[in-house]
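Here are the chains, one letter per residue:
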Amino acid sequence: MDQVKGRLFIGGQWTGAASGKEFTSFDPATGQPIGTFAEAGPSEVDSAVDAARKALSARSWSGITAAERARLLWRVAELVEEHADELAELETRDQGQPLGVAQGVSVATTAEHFRYYAGWCTKIEGVVTPVSFPDTLHYTRREPVGVCALITPWNFPLMIASWKIAPALACGNTVIVKPAEQTPLTTVRLVELIEEAGIPAGVVNLVTGGPGVGKALVAHSGVDKVSFTGSTAVGREIVRASAGNLKRVTLELGGKAPSIVAADADIDAAVAGNLQGALLNSGQVCAAYTRVYVDRHRIDEFTEKLATAMAGLRLGPGIDPQTQLGPLVSPEHLAGVDAHVRAAVGAGAQLVTGGSKADGELASGNFYRPTVFAGVDDDMAIVRDEVFGPVLPVLAYDDPEELADRANATDYGLAAAVWTKDLATAHRMAADIRAGAVFVNMLPIPDSAAPWGGFGASGWGREMGKYALDVFTEVKGVWMHLG
Ligand code: NAD
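If you're wondering where the values come from, they're calculated on a predicted model, not measured in any experiment. (Residues numbered from 1 in each chain as written. Predicted model: local features only at pLDDT ≥ 70, side-chain atom pairs only at ≥ 80, totals over all residues. Heavy atoms only, no water.)

A. Main features of the sheet that holds strand β19 (residues 437-440). With mixed pairing, seven strands are arranged side by side in an open sheet as β15-β16-β17-β14-β13-β18-β19. Edge positions in the sheet fall to β15 (350-353) and β19, since each of these pairs with one other strand and no more. Each adjacent strand pair in this sheet contributes to an overall mean axis angle of 25°, direction not counted. Here three bridges tie strand β13 (residues 257-261) to strand β18 (residues 415-419), and the two strands are oriented parallel to one another. In the strand pairing of β18, Val-261 is matched with Trp-419. Packed onto the sheet, helix α9 (residues 267-279) meets β13, β14 (289-295), β17 (391-397) and β18 and runs at close to 160° relative to β14. (Pairing = 2+ DSSP bridges. Helix = DSSP H or I, 4+ residues; strand = E, 2+ residues; numbered from the N terminus. Axes fitted to C-alpha atoms, helices over the stretch in contact; angles between N-to-C directions. Contact = heavy atoms within 4.5 Å.)

So this is what it looks like as structure tokens:
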């Protein structure tokens, strides 16, 4: 693949950074550079905010008909599908995910998101309110929040950009997109497709670069809202930094999803489901299953089958169609995952399989062998901290009554899973676990129509479904005296 040269997109123009500064993105499977990107400085952030504000004031987006906005968002979906192979390959080269994941999850979901929110453009309604004043009409309007800074992480760069851009635009906002510095490729390409679709200049702006670019956006008085997906630590910083003009803030943050395997569970299905639920995108999934609680009578069978299945997975470059597990995104992230594993071993956890970087042919990439721990207890860091890698600790439980408390013994609350054939167990756990999504006998998958977001330290607000309309609009009440 040719080296990519990424630029900024501000007010409908592609441009470099005035400073001439650039950064490099690397293929995580080979460690080789794959593209250079403009590093936006404060003046480019100002220009991008200015362009978004002008487009907002000129009503060049919110002022066109809802039907026309819908047509343009639908066109973006079509263009994403027309370029599906290209986008999937870019995502795999930049992020590392196996090509099948890039095609079936990242690209397919992105197209679906634009199509889903294209449908909403013509359905964002107000209500007539029965106020108790005589001769008074009251109705509500849902208006755009304004200029939205959309800051995304490196694990599903294209898909998460679409989770934010599509609903923000459906609601009439103008946006500045800031992808993660590790994985800007597909966001740059998506913005090119958005331009090609005919979305007016200034409505979607792109600034690439590191945390400094995100910080400048979050502190900017011309930004009305921040929609952020990333780590909980940065989420907390963003809340503090947004206080100046009291920006609206939505946060999709980390997770530590418990997965509960009941005594009556179909163990083979639970093994297959936890394998995929824990290892999709090499475990770099906020809703990944990261601590499995198994009934003590079934735990040996479960752990043995899980470890055998994990050890048999084919690690390799995502671009190879035979690959089942790709690399981690960067050497720095791999070092962090390995440090968690070393600490668990040091704390006395029993390493059942994995536990090291892959060597041999894969040594130049960021490949980590899928790892299972047994003999862990609830207080170990491997059970409490987000590892964001292919690492799964297995814990035993004796009494189902203790499960909800153990599952909820975390600051996070993004997702959870329950494996059971018993409806009462499924519904009880679904009600008792504090998480934004509970999956029964299935993988942690997102869908455009279903809410996504977390309790506690997993964030604020919900993306997707009609819930995203709430966070990308302000409600205005209009009072009219008719007497
Ligand atoms: P990160 O928080 O380090 O970075 C995310 C983005 O924020 C990047 O674009 C980065 O440049 C920018 N950034 C960094 N510091 C900033 C600051 N002070 N102000 C503004 N922007 C700043 O996260 P990451 O390491 O890229 O992503 C992994 C994390 O994302 C994990 O914790 C994972 O759980 C979380 N995540 C959550 C969801 C969800 O839906 N809840 C989805 C995917 C990932």
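B. Quick look at the pattern of salt bridges. Counted under the stated rule, the structure contains 26 salt bridges. In this structure, the salt-bridge partner of Glu-86 is Arg-189, at a minimum N-O distance of 2.5 Å. Separated by 103 residues along the polypeptide, Glu-86 in helix α3 (residues 84-95) and Arg-189 in helix α6 (residues 185-197) bring together distant segments of the chain. With relative accessibility at 15%, the residue Arg-189 sits in the buried group. Residues joined in a network through salt bridges with shared partners are Asp-268, Arg-298, Glu-301 and Lys-305. (Salt bridge = Lys/Arg side-chain N within 4 Å of Asp/Glu carboxyl O. Buried < 20%, exposed > 50% of the residue type's maximum accessible area, 1.4 Å probe, protein only.)

C. Geometry of the sheet that holds strand β4 (residues 22-26). If you walk across this open sheet you meet the three strands as β1-β5-β4, and the pairing is mixed. The sheet is open, and its two edges are formed by β1 (4-6) and β4, each paired on a single side. Adjacent strand axes in the sheet meet at a mean angle of 25° when their direction is disregarded. Sheet topology places β1 next to strand β5 (residues 33-38); three bridges connect them, and they run parallel. Considered in β5, the bridge of Lys-5 is made with Thr-36.

D. Representation of the site of the ligand in the model. Neighbouring the ligand are 31 residues, the closest being Lys-178, Glu-181, Ser-231, Leu-253 and Glu-386. Within the backbone of Thr-152, an N or O atom sits 2.8 Å from an oxygen atom of the ligand. The separation between an oxygen atom of the ligand and a polar main-chain atom of Gly-230 is 3.2 Å. Assessed atom by atom at 2 Å from the grid points, the ligand resides in the largest pocket. Elements supplying a minimum of two residues to the shell around the ligand: α5 (157-170), α7 (211-219), β11 (225-229) and α8 (232-241). Here the shell around the ligand takes four residues from α7, the largest share from any one element. (Near = heavy atom within 4 Å. Polar contact = N/O pair within 3.5 Å; in protein donor to acceptor, adjacent residues only side chain to side chain. 1 Å grid on protein atoms, 1.4 Å probe; cavity = no way out; pocket = protein on both sides within 12 Å on 5 of 7 lines; lining within 4 Å. Sits in = over half its atoms within 2 Å of the grid points.)

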